[in-house]
Amino acid sequence: MDFTLPESAREVQRGVAAICSRYDMDYWQRCEAEKRWPEEVWAELAKGGWLGLAVPEEYGGAGQGLLELAVATETLSASGSAGGSAFTYVLTPGFGALTLARHGTAGQKAALLPKLATGEAETCFALTEPDAGSNSLAISTFARRDGDEYVINGQKIWITGVQRASRMLLVTRTIPAAEARPRTNGLTVFLVDVPGAVAAGRMSYRPIPKMGANTTPSNMVFIDDLRVPATSVVGEVDQGALVLWDILNPERILLAASALGGAEVALRVAVSYAKEREVFGRPIGANQAIAFPLAQVKAKIELARLMLYKAAWLFDRHMPCGTEANIAKLTASQAAWEAADHAFQTHGGMAYSLEYPVARLLADARVGRVAPVTEELLLNYLATQVLGLPRSF
């Protein structure tokens, strides 16, 4: 067994860290407060080739895999961006480049991958619906075949990055859920031209006010008689579940990486404050009530990182990784929350002051325990699919 990161991943760490070193915590605080995309960081990542990690070399990318994307995400997050890093690497390198490299047609790859590698084009992913929630197989957005086109109608919720996206990976039903046998049949993924659909009046969106992660808006999306060519199908018609798993597992892994980076930020902020803040004649970090919880967080971060890298390693080798991806997401999100919560407690009343980053870190960490899938569903997967316990529904 070799626990050493490959040189490709270490190079990513160095390259992304070099860019991040030019942007301090105040920069990320301003991006959140102003609700704006980190344009400067995005431009530098694009210029350095760090957005095209998962794009095959023949399309202008680095030809790397999910492990390198996870390392990039973790490095960016740990620099101070915390939850903001998730959108940088999940939306376009993850949802777009990684998915098309594995499942796209030759035409789709040629048209989009070179632009994804340079940051010229961006992508988003639309699965969740108001009524279905986390029950992805129960979505009702429907695509009806009409000659060489499909006509799509439906609604999506919590779709992040629509405003910037050139293309949307849109998950639909082509067989109604009630008629699908097995239930995973009848899903089809489309690559949709977002600006074109919006300009034609067939797609609209409404931002959802939210408590954190405001560098990128999340939206309600409405789709009305949207016509798309049959050539926009990603994978096979009715067999979109095979594509979907290769979107959802990397999403969990990249969000776990973002959570781990956020945990490192919160821990670093807490430790720094615990060393500097003196009460009753000594630094508060000398008190075991402060020190021991932070030490526990460090242990949990290191444990979660092992599973994160293992899950990404398995995915890159086309091996089953669902269990590992779910465990990585569960444990990393819990570590991030505990780190942020203890950072808050370490700062005491000063944590409420927006002069400190603790409130932002707490909001970013909290969402990881419910999105894109709740802890309860992750635990249910482990209970029923791994342990073989009876299903409750």
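Note that the structure is predicted; figures quoted are calculated from it, not measured. (Residues numbered from 1 in each chain as written. Predicted model: local features only at pLDDT ≥ 70, side-chain atom pairs only at ≥ 80, totals over all residues. Heavy atoms only, no water.)

### Considering the UniProt feature "domain: Acyl-CoA dehydrogenase/oxidase C-terminal" (unreviewed entry) in the protein chain
For clarity, the threshold we go by: UniProt positions are given in the numbering used here, feature names are shortened, and annotations may be inferred rather than shown by experiment. The secondary structure listing takes helices from DSSP runs of H or I that are at least 4 residues long and strands from runs of E that are at least 2 residues long, numbered from the N terminus.
As recorded in UniProt, the feature "domain: Acyl-CoA dehydrogenase/oxidase C-terminal" (unreviewed entry) lies at residues 239–386. As annotated, residues 239–386 comprises 77% helix and 3% strand, and the C-alpha atoms at either end are separated by 24 Å.

### Digging into the packing of aromatic side chains
For clarity, the cut-off: In summary, the pairing rule links any two rings of Phe, Tyr or Trp, Trp by its six-membered ring, whose centres are within 6.5 Å, and it sorts them by plane angle into stacked for under 30 degrees, edge-to-face for over 60 and tilted for everything else. The classification of residues rests on relative accessible area computed with a 1.4 Å probe and restricted to protein chains. Under 20% of the type maximum is buried, over 50% is exposed, and intermediate values are partly exposed. Both a distance and an angle decide whether a charge sits over a ring: NZ of Lys or CZ of Arg must be within 6 Å of the ring centre and within 35 degrees of the ring normal.
Under the definition given, this model contains seven aromatic pairs. The interplanar angle of 65° and the centroid separation of 5.4 Å between the aromatic rings of Trp 37 and Trp 42 together place this pair among those described as edge-to-face. Relative to Phe 190, the ring of Tyr 150 lies with its centre 5.1 Å away and its plane at 65°, an arrangement referred to as edge-to-face. Of this pair, Tyr 150 sits in strand E3 (residues 149–160) while Phe 190 sits in strand E5 (residues 187–193), placing them 40 residues apart in sequence. Neither residue differs from the other here; Tyr 150 and Phe 190 are each classed as buried. Three or more aromatic residues joined by ring pairs form one cluster here, namely Tyr 23, Tyr 27 and Trp 28. Just above the ring of Phe 315 sits the side chain of Arg 102; from NZ or CZ to the centre is 3.9 Å.

### Some words on the UniProt feature "domain: Acyl-CoA oxidase/dehydrogenase middle" (unreviewed entry) in the protein chain
Per the UniProt record, "domain: Acyl-CoA oxidase/dehydrogenase middle" (unreviewed entry) is annotated on residues 124–225. Helix and strand shares over residues 124–225 are 6% and 46% respectively, and the end C-alpha atoms of the span are 20 Å apart.

### Quick notes on the layout of surface pockets
Put simply, the test is: Every definition here rests on a 1 Å grid over the protein atoms only: cavities are sets of points where a 1.4 Å probe fits but cannot get out, pockets are open sets enclosed by protein on both sides within 12 Å along at least five of seven lines, and lining residues have some atom within 4 Å of a point. Grid points are joined across faces, edges and corners, and a volume is the space filled by probe spheres set on the points. Each residue gets one label: Ala, Val, Leu, Ile, Met, Phe, Trp, Tyr, Cys and Pro are nonpolar, Asp, Glu, Lys and Arg are charged, and the others, such as Gly, are polar.
Taken as a whole, the second largest pocket holds about 700 Å³ of empty space. Surrounding the second largest pocket, 30 residues form its lining, Leu 67, Tyr 309, Trp 313, Leu 314 and Arg 317 being those nearest its centre. Of all elements in the fold, only helix H4 (66–81), helix H5 (84–103) and helix H9 (288–316) reach the threshold of two or more residues within the lining of the second largest pocket. A total of nine residues in the lining of the second largest pocket trace back to one element, the largest contributor, which is H9. Tallied by class, the residues present in the lining of the second largest pocket amount to 16 nonpolar, six polar and eight charged.

### Examining the nonpolar core
Heads up, the rule is: Buried residues of nine kinds, namely Ala, Val, Leu, Ile, Met, Phe, Trp, Tyr and Cys, make up a nonpolar core once their side-chain atoms join them within 4.5 Å.
Core analysis: the largest hydrophobic core is formed by 103 residues, its most contacted members being Val 16, Leu 45, Tyr 89, Phe 125 and Leu 308. Judged by nonpolar contacts, the second largest core, of 20 residues, contains Ala 143, Ile 159, Leu 170 and Ala 197.

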